[in-house]
Amino acid sequence: MELPDFMSYANKFSQSEFVEKISRIAKRAGAKLVYAALILFYTLQSDKISAKDKAIIIGALGYMISPIDVVPDAIPIVGLSDDLAVLLYVLKKVWTDVDPDIKEKAREKLSKWFDDDEIGEIDTLFD
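In this report, the structure presented in the accompanying data block is examined.

Quick notes on the rules
- The numbering scheme is per chain: residues are counted from 1 as the chain's sequence reads.
- Given that this is a predicted model, residues contribute local features only at a pLDDT of at least 70 and side-chain atom pairs are listed and counted only at 80 or more, while totals for whole chains, interfaces and linings are drawn from all residues.
- Derived side-chain values reflect all non-hydrogen atoms in the structure, with water molecules and hydrogen atoms excluded from consideration.
- In this text, helices come from DSSP runs of H or I with a minimum length of four residues, and strands from runs of E with a minimum of two, each type numbered from the N-terminal end.
- Each residue is assigned to one of three classes by its accessible area relative to the maximum for its type, calculated with a 1.4 Å probe on protein chains only: buried under 20%, partly exposed between the two thresholds, exposed over 50%.
- We call two residues in contact whenever any of their non-hydrogen atoms come within 4.5 Å of each other.
- Here a helix's expected span is defined as the number of its residues, less one, multiplied by 1.5 Å.
- To be clear, the arc concerns the directions from the helix axis to the C-beta atoms.
- Whenever two N or O atoms come within 3.5 Å, that pair is a polar contact, provided that in protein one can donate a hydrogen and the other can accept it, and provided that, for residues adjacent in sequence, both atoms are side-chain atoms.
- His is not counted, nor are the chain ends; Lys and Arg add positive charge and Asp and Glu add negative charge.
- The term salt bridge refers to a side-chain nitrogen of Lys or Arg lying within 4 Å of a carboxyl oxygen of Asp or Glu.

**Some details on the environment of isoleucine 25**
- As for its placement among the helices and strands, isoleucine 25 is situated in helix H1 (residues 15-29).
- We classify isoleucine 25 as buried; its relative accessible area is 2%.
- Sequence-wise, isoleucine 25 and phenylalanine 126 are 101 residues apart; in three dimensions their C-alpha atoms are separated by 21 Å.
- Those residues in contact with isoleucine 25 that sit more than four places away from it in its chain are Leu33 and Leu80.

Structure representation (structure tokens):
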């Protein structure tokens, strides 16, 4: 699958829209998507990440919350696959710069929305 130019979605990102979308789609999206989104969101707030990487993260999160997608979110099962692909693509690019505390903070947040079996999905995040 060819990824869209997600930088064109940077203007769609806002913290409040991100929180609203994540809380609305959490169970339907699955732990992998939510974990990837949370890591990118928390990494965006870090001063240890470059401005270039922050711009890419904003584009990816903007794509996720935008109602205009390559695959519309309303389509059952596959509707969020493009969002996950974009988030994982960007997460792989910045993964080495993600602080372990951020990963733990995202995992803790997941425990509020998912049970242990569902959280186990994140162990194969890039698979």
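**Focus on helix H5 (residues 100-113)**
- Over its 14 residues, H5 runs 21 Å from end to end, which matches the ideal 20 Å to within 8%, given 1.5 Å per residue.
- Where H5 is concerned, the buried positions are Ile102, Ala106 and Leu110. Looking down the long axis of H5, one finds its buried residues gathered within 80 degrees of arc, a one-sided arrangement. Residues of H5 that are exposed and point over 90 degrees away from its buried face: Pro100, Asp101 and Lys112.
- Turning to H5, the residues buried within the fold contact helix H2 (31-44) and helix H6 (116-119).
- Two or three places before aspartate 101, at the opening of H5, aspartate 99 has a side-chain oxygen 2.7 Å from that residue's backbone nitrogen.

**Quick notes on the side chain of aspartate 53**
- Along the chain, the position of aspartate 53 falls in helix H3 (residues 51-65).
- It is lysine 52 that comes nearest to the buried, bridge-free aspartate 53 among opposite-charge side chains, at 5.4 Å.
- Among all residues touching aspartate 53, those that are not within four sequence positions of it are Val94 and Asp97.

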